[in-house]
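Architecture at a glance
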Amino acid sequence: YSLPEKLIAEVGLTRARVYVNGNNLFTFSKFKDFGLGDPEVFNALNLYYQPAFRTITAGLNISF
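All values derive from a computational prediction rather than experimental measurement. (Residues numbered from 1 in each chain as written. Predicted model: local features only at pLDDT ≥ 70, side-chain atom pairs only at ≥ 80, totals over all residues. Heavy atoms only, no water.)

As a further point, take the overall build of the chain. Regarding its fold elements, the chain presents one helix and two strands. Helices and strands in the chain line up, N terminus first, as α-β-β. Per-residue burial for the chain yields a buried fraction of 12% across its 64 residues. When contacts within the chain are restricted to residue pairs at least 6 apart in sequence, those whose partners lie at least 24 apart make up 59%. Summed over all atoms, the accessible surface of the chain reaches about 5,900 Å², with 59% contributed by carbon and sulfur. (Helix = DSSP H or I, 4+ residues; strand = E, 2+ residues; numbered from the N terminus. Buried < 20%, exposed > 50% of the residue type's maximum accessible area, 1.4 Å probe, protein only. Contact = heavy atoms within 4.5 Å. Areas by Shrake-Rupley, 256 points an atom, 1.4 Å probe, with all protein chains shown as cover.)

If you want it as structure tokens, here you go:
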């Protein structure tokens, strides 16, 4: 989202953008600890199984 120029000009900026990104926000599972019930799990008893983590990234891009 680009912030309005009137708002950012008051603080001495020429451009400001805000962004948010999310991955695996809606991962459903009955067994939260082991990932059982996750459609991406082929063998839930696999000792090397690593669950799909929820990731949220946010940032600010500014120009003076």
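On we go from here.
On to the environment of Phe 26, then. Among the structural elements, Phe 26 can be located in the loop between β1 (15-23) and β2 (55-63). The spatial distance from the C-alpha of Phe 26 to the C-alpha of Arg 54 is 8.2 Å, given a sequence separation of 28 residues.

We now examine a nonpolar patch on the surface. There is a patch of nonpolar side chains on the surface, built from Val 18, Leu 60, Ile 62 and Phe 64 and spanning about 420 Å² of accessible area. For Phe 64, the position within the fold is in the segment after β2. (Patch = residues over 30% accessible without salt bridge, like charges linked within 9 Å, V, L, I, M, F, W, Y side chains within 5 Å. Salt bridge = Lys/Arg side-chain N within 4 Å of Asp/Glu carboxyl O.)

Let us now look at unusual backbone geometry. Of note in this structure, Asn 24 is not a glycine but carries a positive phi near 55 degrees. Considering the arrangement of structural elements, one finds Asn 24 in the loop between β1 and β2.

Before going further, it helps to spend a moment on the environment of Asn 23. With respect to the helices and strands, Asn 23 occurs in strand β1. Asn 23 sits 30 residues away from Phe 53 along the chain, and the two C-alpha atoms are 8.1 Å apart. Sequence-distant contacts of Asn 23, that is, excluding residues within four places in its chain, are made with Phe 53, Arg 54 and Thr 55.

All we've got here are geometric facts, nothing functional implied.
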